[in-house]
Amino acid sequence: MTAGQQAGRSLAEWVDYIEAMHPQNIALGLDRIGVVKERLAIAFDCPVVIVGGTNGKGSTCMMLETIWRTSGYRVGQYTSPHIHRFNERIRMDGQMVADEELIRAFEAVEAVRGGVPLTFFEFTTLVAMKIFADARLDVVFFEVGLGGRFDAVNLLDADVAIVTNVAIDHVAFLGGTREKIGFEKAGIYRQGRTALYGEPDPPQSLLDHAAAIGADLKRYGQDYAGEMDGGIWHYRGPDGTTLWELPRPALYGDCQIANAATVLTAIHALRNRLPVYVEAIFEALPQVHLPGRFEVVGHDPLVIVDVAHNPHAAQALADNLGASPCKGRTLAVYGAMADKDINGVVSILKDQVDDWYVTDLPLPRAASAQALLAELLAAGVSRERITVCGDAEKALMDARKNASNDDRIIAFGSFWVVTGVTPA
């Protein structure tokens, strides 16, 4: 693209352009993006936090943002994917970055890229880095896209690196065992820097890597913890710090307590550079909001959306459904990518769901509705309980028609399901 062609491009046109740039959607490695980052001379004077893990990354990032913003700091947050607008991926001070600023950053990256082919994620990561570095923020945090060791955000040396958990997902790229995946995710840890693991049972490979590089690893359940106590919870930090009677985060599920405790440990690790008053924590936790995570979007019948797309997330969804039973039936709108463990997800949720509405999704990587039908039949779900739909919006409409006010509908799986059933 020449300089003349770049001029006047809309954000949508830029997104289309970078989607077509690289022959693969995913091409792990840091060489290509590293060259372009160096040409852009991107550097940060503020603390950098990187958040990896199989699930819970978005919740963790949003809690970090809310607490630090409540404390008066200027923050930048980079997450993926988006639900409706590309701008959702890059936020400053709690707001999506405007089209005009994104376009300027796209132009800056393209101006120095030369012939380096970047994937969609690599290009957008550079855009986020450029915007945040130019804004001279107080703190920035980046969500890992895939794995950790070869992920684009790992170009940055994190002051605090968080791995929320390790479960089986993306096996074609990361391996088919927790040990292999744990090693990949531990790649974001750095020598002498704070490294956090947000579950009680880390893979040995993660522990070994942290020890080998000399990372300052803190583990949930051993070095820090959160303890539920009815509608409140208590935090214990790695140096004996305690916070009592904290409000629950405004995100559903007991798993959010581990995420919140990990967030408080990260904030504590940066206390000398970014001091946070206890009052800000109490104020911020009930305000945390993240679309698509056991989010209620409709009533009569109750409609819940959730981006649970792997067995680990499906178990959290099943736990949440079990903890909040309804009077009537549970109907599921389900769509998924073909490379996901569909059988594992179905096995966990089939006894929680009375009727299924499986849907096609508008991209080549998606499993067809017919493929989902076959998986449900193989899992022992009767054909009479399954409806095949052409898109998520139609699936939700059909589920609503067949639901009473006492029933509930859970639309889950791929982010594209949530996109399809919620307004832009």
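Our structure's up above, just so we're on the same page.
Only a predicted model underlies this, so the values are computations on that prediction, with no experimental measurement involved.

**Student:** Teacher, can you tell me more about the overall build of the protein chain here?
**Tutor:** Per the secondary structure count, the protein chain includes 16 helices and 17 strands. The C-alpha radius of gyration of the protein chain comes to 21 Å, within 12% of the 22 Å expected for a compact globule of 424 residues. Dimensions along the principal axes, computed over C-alpha positions, put the protein chain at roughly 60 × 60 × 35 Å. In the protein chain, 71% of the contacts between residues at least 6 apart in sequence involve partners at least 24 apart. For the protein chain, the exposed surface amounts to about 17400 Å²; the carbon and sulfur share of it is 49%. Averaging the coordinates of the 38 positive side-chain charges in the protein chain and doing the same for the 53 negative ones gives two points 3 Å apart.

**Student:** Mind showing me how you'd approach the pairing of strand 7 (residues 194-197) here?
**Tutor:** One face of the sheet, then the other: side chains in a regular strand alternate in exactly this way. By the alternation rule, side chains of strand 7 split into Thr194 and Leu196 and Ala195 and Tyr197, which are all buried. With four bridges connecting them, strand 6 (residues 160-163) and strand 7 associate as parallel partners. Residue pairing across strands places Val163 opposite Tyr197, the latter belonging to strand 7. As paired elements, strand 7 and strand 8 (residues 216-219) share four bridges and run parallel to each other. Bridging from a neighbouring strand, Leu196 pairs with Lys218 of strand 8. Taken together, strand 7, helix 9 (residues 204-213) and strand 8 form a β-α-β motif whose crossover is right-handed.

**Student:** Please explain the sheet that holds strand 14 (residues 330-335) as it appears in this structure.
**Tutor:** In spatial order, the strands read 12-13-17-14-15-16; together these six strands make up an open sheet with mixed pairing. Taken across any chain shown, the strands that pair with only one partner, and hence form the sheet edges, are strand 12 (295-298) and strand 16 (386-389). Shown here is a sheet whose adjacent strand axes are inclined to one another by a mean of 25 degrees, direction ignored. Two elements, strand 14 and strand 15 (residues 355-359), share four bridges in a ladder whose sense is parallel. Considered in strand 15, the bridge of Val333 is made with Tyr357.

**Student:** In this structure, what is going on with the packing of helix 3 (residues 31-40) against helix 5 (residues 99-113)? I would like to understand it.
**Tutor:** To describe two helices that pack against each other, one gives the angle between their axes and the distance between the axes. The N-to-C vectors of helix 3 and helix 5 enclose an angle of 110 degrees; their axes lie 9 Å apart at closest approach. Between helix 3 and helix 5, the interaxial angle falls into the category roughly perpendicular. Across the interface between the two elements, Val36, Arg39 and Leu40 from helix 3 touch Ala108, Val109, Val112 and Arg113 from helix 5.

**Student:** Got a minute to help me understand unusual backbone geometry in this structure?
**Tutor:** Peptide bonds are trans in most cases, and residues, glycine excluded, mostly fall at negative phi. Residue Pro81 is reached from Ser80 by a cis peptide bond, and omega for that bond is -10 degrees. Structurally, Pro81 is set in the loop between strand 2 (75-78) and strand 3 (90-92). For the peptide bond that leads from Asp300 to Pro301, omega is 0 degrees, which places it in the cis range. With respect to the helices and strands, the residue Pro301 is situated in the loop between strand 12 and strand 13 (302-306). The phi dihedral of Ala41 falls on the positive side, at around 55 degrees, and the residue is not glycine. Within the secondary structure, Ala41 sits in the loop between helix 3 and strand 1 (48-52). Judged by its relative accessible area of 63%, Ala41 falls in the exposed class. Backbone geometry places Phe294, a non-glycine residue, at a positive phi of 45 degrees.

**Student:** How should I be thinking about the layout of surface pockets in this particular structure?
**Tutor:** With a probe scaled to a water molecule rolled over the atoms, the places where space remains empty come into view. Looking at the second largest pocket, its volume works out to about 530 Å³. Mapped by element, the contributors of at least two residues to the lining of the second largest pocket are helix 4 (57-70), strand 12 and helix 16 (415-421). Its residues placed into classes, the lining of the second largest pocket shows 11 nonpolar, nine polar and six charged.

**Student:** Whenever I open this one, the nonpolar core confuses me. Can you help?
**Tutor:** In globular proteins that are soluble, nonpolar side chains generally tend to be buried together. Among the nonpolar cores identified, the biggest contains 61 residues, and Phe44, Ile90, Phe132, Phe142 and Tyr189 are the most heavily contacted of them. Counting residues per element, this core draws most heavily on helix 6 (residues 120-135), which supplies 11 residues. Setting aside chain neighbours within four positions, we find Phe44 in contact with Met129, Phe132, Ala133, Val140, Phe142 and Leu156. Among the nonpolar cores identified, the runner-up in size contains 37 residues, and Leu196, Val263, Ala284 and Val288 belong to it.

**Student:** Hey, could you run me through the packing of helix 12 (residues 311-323) against helix 13 (residues 342-349) in this one?
**Tutor:** At a minimum axis separation of 9 Å, helix 12 and helix 13 run at an interaxial angle of 15 degrees. Relative to helix 13, the element helix 12 is oriented roughly parallel. The handedness of the crossing between helix 12 and helix 13 is right-handed. Judged by residue contacts, Pro311, Ala314, Gln315, Leu317, Ala318 and Leu321 of helix 12 engage Gly344, Val345, Ile348 and Leu349 from helix 13. Taken together, the residues of the contact of helix 12 with helix 13 break down into eight nonpolar, two polar and no charged.

**Student:** I would appreciate a short explanation of the state of the cysteines in the present structure.
**Tutor:** Two cysteines joined by a covalent bond between their sulfur atoms form a disulfide. For the structure shown, the criterion picks out zero disulfides. Take Cys46: it sits in no disulfide, and the sulfur closest to it among the cysteines is that of Cys61, at 14 Å. For Cys46, a relative accessible area of 10% gives the class buried. Residue class for Cys61 comes out buried when judged on its relative accessible area of 0%.

Conventions and cut-offs
Residues numbered from 1 in each chain as written. Predicted model: local features only at pLDDT ≥ 70, side-chain atom pairs only at ≥ 80, totals over all residues. Heavy atoms only, no water. Helix = DSSP H or I, 4+ residues; strand = E, 2+ residues; numbered from the N terminus. Rg over C-alpha atoms; globule rule 2.2 N^0.38 Å. Contact = heavy atoms within 4.5 Å. Areas by Shrake-Rupley, 256 points an atom, 1.4 Å probe, with all protein chains shown as cover. Lys, Arg positive; Asp, Glu negative; His and termini not counted. Charge placed at Lys NZ, Arg CZ, Asp CG, Glu CD. Buried < 20%, exposed > 50% of the residue type's maximum accessible area, 1.4 Å probe, protein only. Pairing = 2+ DSSP bridges. Right-handed = clockwise from strand over helix to strand, strands pointing away. Axes fitted to C-alpha atoms, helices over the stretch in contact; angles between N-to-C directions. Parallel < 35°, antiparallel > 145°, perpendicular 65-115°, else oblique. 1 Å grid on protein atoms, 1.4 Å probe; cavity = no way out; pocket = protein on both sides within 12 Å on 5 of 7 lines; lining within 4 Å. Points joined across faces, edges and corners; volume = space filled by probe spheres on them. Nonpolar A, V, L, I, M, F, W, Y, C, P; charged D, E, K, R; others polar. Core = buried A, V, L, I, M, F, W, Y, C linked by side-chain atoms within 4.5 Å. Left-handed = near helix turned anticlockwise from the far one by under 90°. Disulfide = S-S within 2.5 Å.

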